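# Structural features, examined
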Amino acid sequence: MDFGEIADRGLVVLGCGKMGGALLSRWLDAGLPAGSVWVLEPTPADWLTAVDGLHLNDGLPDAPAVALIAVKPQMLRETLPRLSSIGTGKTLVLSVVAGMPLSVYDELLGPDAAVVRTVPNTPAAIGHGITSMFANDRTDAAQADLAERLLGAVGEVVRLPSEDQLRLATSIAGCGPAYVFHLIETMAAAATAQGLAPDVALKLARATVAGAGDLAERTGEDPAQLRRNVTSPNGVTQAALEVLMDEQTGFPALLDRAVAAALRRDDELGGA
Ligand SMILES: NC(=O)C1=CN([C@@H]2O[C@H](COP(=O)(O)OP(=O)(O)OC[C@H]3O[C@@H](n4cnc5c(N)ncnc54)[C@H](O)[C@@H]3O)[C@@H](O)[C@H]2O)C=CC1
Ligand SMILES: O=C(O)[C@@H]1CCC=N1
């Protein structure tokens, strides 16, 4: 990836935990010069302290090309005003902070700030994420393209047509890896409860979820058809699916409730 302008003007990271770290480490691997990176992070991970030449809690460039905002939503109001120089429109402010509307950035950075709100997910750490983005009206085409290229370094990118849709992306793709990890946990627990050794149960559950996800992605086939391909009439899978697909007590009702809860919390965080 060409980091030309970022290499010249610098990239600032505010909050370098799981999400900020996943993005930054991929960018460094893709050729971002460490000497062009300034990180503000009170509890840096070992890998971060070991990056040669990176500016860790050590001043800031005057007009960085990009500022990645990756603190928790509850920290945004306290921390963002410290980056006073990024509100001119010349810096692309790339935020992964969940739930915080663009209006909050205007309030904290001023009316000229070029801000792209994004919803990444943790598979970004292995370059297999999917990130949704929406840019405010001060972000020019070159900055929006730069945002897409940076996010493209950690997986697929989807440009959404409205800010409101970011909350939907959060409830499915941002939080979604946790739903899937919990599925692995519960599949393993169910198999263990029926007598399989815990390590074998976990191995089977993990590989099954990974393989099914990979199959769905690589073939691009309708997941309903992939499901039917597993399900012999009157067979074993059908018996299980009759429980899981029950409209009242199965996955449909459960996922509806889970997504509704995520959306409610996303709305609440907007006022954090
Ligand atoms: N983890 C995930 O799956 C996703 C997270 N997000 C968003 O990413 C953001 C970060 O989340 P995570 O990385 O999961 O949390 P995290 O807790 O791993 O990272 C936040 C980092 O901010 C640092 N921090 C605290 N006070 C600070 C300060 N005064 N100045 C600079 N840094 C400070 C913390 O030390 C921590 O390393 C959140 O806003 C979250 O909504 C968005 C999509 C997915
Ligand atoms: O749980 C959270 O608030 C963040 C947003 C999406 C994933 N993690």
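Residues numbered from 1 in each chain as written. Chains lettered and ligands numbered in written order. Predicted model: local features only at pLDDT ≥ 70, side-chain atom pairs only at ≥ 80, totals over all residues. Heavy atoms only, no water.

The next subject is the pattern of salt bridges. Throughout the structure, instances matching the rule amount to 11 salt bridges. Salt-bridge contacts for Asp145 lead to Arg159; the nearest nitrogen and oxygen are separated by 2.8 Å. One end of the pair, Asp145, is in helix H6 (residues 141–152); the other, Arg159, is in strand E8 (residues 155–159), and 14 residues separate them in sequence. Classification of Arg159 by relative accessible area gives partly exposed; the value is 41%. Arg167 is the salt-bridge partner of Asp267, the closest N and O atoms lying 2.9 Å from each other. Separated by 100 residues along the polypeptide, Asp267 in helix H12 (residues 251–269) and Arg167 in helix H7 (residues 165–174) bring together distant segments of the chain. (Salt bridge = Lys/Arg side-chain N within 4 Å of Asp/Glu carboxyl O. Helix = DSSP H or I, 4+ residues; strand = E, 2+ residues; numbered from the N terminus. Buried < 20%, exposed > 50% of the residue type's maximum accessible area, 1.4 Å probe, protein only.)

As assigned here, the protein comprises domain 1 (3–159) and domain 2 (170–271). On a C-alpha basis, the centres of domain 1 and domain 2 stand 32 Å from each other. In total, about 890 Å² of surface goes out of reach between domain 1 and domain 2, with carbon and sulfur atoms giving 53% of it. Our count for the domain 1 to domain 2 interface comes out at 0 salt bridges. Counting across the domain 1 and domain 2 interface gives 4 residue pairs in polar contact (both at pLDDT 80 or more). A total of 3 residues in the side of domain 1 that touches domain 2 trace back to one element, the largest contributor, which is helix H4 (residues 73–79). In terms of residue class, the side of domain 1 that touches domain 2 is built from 9 nonpolar, 5 polar and 2 charged. (Domains from an automatic or database assignment. Buried area = accessible area lost by both parts, 1.4 Å probe. Polar contact = N/O pair within 3.5 Å; in protein donor to acceptor, adjacent residues only side chain to side chain. Nonpolar A, V, L, I, M, F, W, Y, C, P; charged D, E, K, R; others polar.)

Right, let's talk about the environment of Ser132 for a bit. Within the secondary structure layout, Ser132 lies in strand E7 (residues 129–135). Separated by 11 residues in sequence, Ser132 and Asn121 have C-alpha atoms that sit 9.4 Å apart. Excluding residues within four positions of it along the chain, Ser132 makes contact with Arg117, Thr118, Val119, Val158, Leu160, Leu166 and Ala169. (Contact = heavy atoms within 4.5 Å.)

Turning to the UniProt feature "binding site: NADP(+)" (unreviewed entry) in the protein, a few remarks are in order. Feature annotation in UniProt assigns "binding site: NADP(+)" (unreviewed entry) to the following positions: Leu14, Gly15, Cys16, Gly17, Lys18, Met19, Ala70, Val71, Lys72 and Pro73. The greatest C-alpha distance among the residues just named is 14.0 Å, despite their covering 60 residues of sequence, which places them together in space. The annotated residues named above include Leu14, Gly15, Gly17, Lys18, Met19, Ala70, Val71, Lys72 and Pro73 as those lining the second largest pocket. With relative accessibility at 17%, the residue Met19 sits in the buried group. Not counting the four nearest positions on each side in its chain, Met19 is found in contact with Val96, Pro120, Asn121, Thr122 and Ala124. (UniProt positions renumbered as here; feature names shortened; annotations may be inferred. 1 Å grid on protein atoms, 1.4 Å probe; cavity = no way out; pocket = protein on both sides within 12 Å on 5 of 7 lines; lining within 4 Å.)

Bringing the site of ligand 1 into the picture now. Inspection of the region around ligand 1 gives 22 residues, with Lys18, Met19, Glu41, Val71 and Ala98 positioned closest. In the model, an oxygen atom of ligand 1 is placed 2.9 Å from a nitrogen or oxygen of the Lys18 main chain. Between ligand 1 and Glu41, the relevant distance is 2.6 Å, taken from an oxygen atom to a side-chain nitrogen or oxygen of the residue. Out of a free accessible area of 820 Å², ligand 1 has 81% covered by protein chains. Put simply, ligand 1 lies in the second largest pocket. Put simply, the parts of the chain that give the shell around ligand 1 at least two residues each are helix H2 (18–29) and H4. At 3 residues, the largest contribution of residues to the shell around ligand 1 is made by H4. Broken down by class, the residue content of the shell around ligand 1 amounts to 13 nonpolar, 5 polar and 4 charged. (Near = heavy atom within 4 Å. Areas by Shrake-Rupley, 256 points an atom, 1.4 Å probe, with all protein chains shown as cover. Sits in = over half its atoms within 2 Å of the grid points.)

Moving on, we get to the pairing of strand E4 (residues 66–69). Neither face of E4 is exposed, since Val66 and Leu68 on one face and Ala67 and Ile69 on the opposite face are all buried. Bridge count for strand E1 (residues 11–14) against E4 is 4 bridges, and the pairing is parallel. By the bridge assignment, Leu11 is partnered in E4 with Val66. Strand direction decides the pairing type here: E4 and strand E5 (residues 92–95), joined by 4 bridges, are parallel. Looking at the pairing, Leu68 lines up with Leu94 of E5. (Pairing = 2+ DSSP bridges.)

The subject of this paragraph is the site of ligand 2. Taken together, the residues surrounding ligand 2 are Ala98, Thr170, Gly174 and Cys175. Starting from 240 Å² of accessible surface for ligand 2 in isolation, the protein chains cover 45%. The cavity where ligand 2 resides is the second largest pocket. When the residues that make up the shell around ligand 2 are grouped by side-chain class, the tally is 2 nonpolar, 2 polar and no charged.

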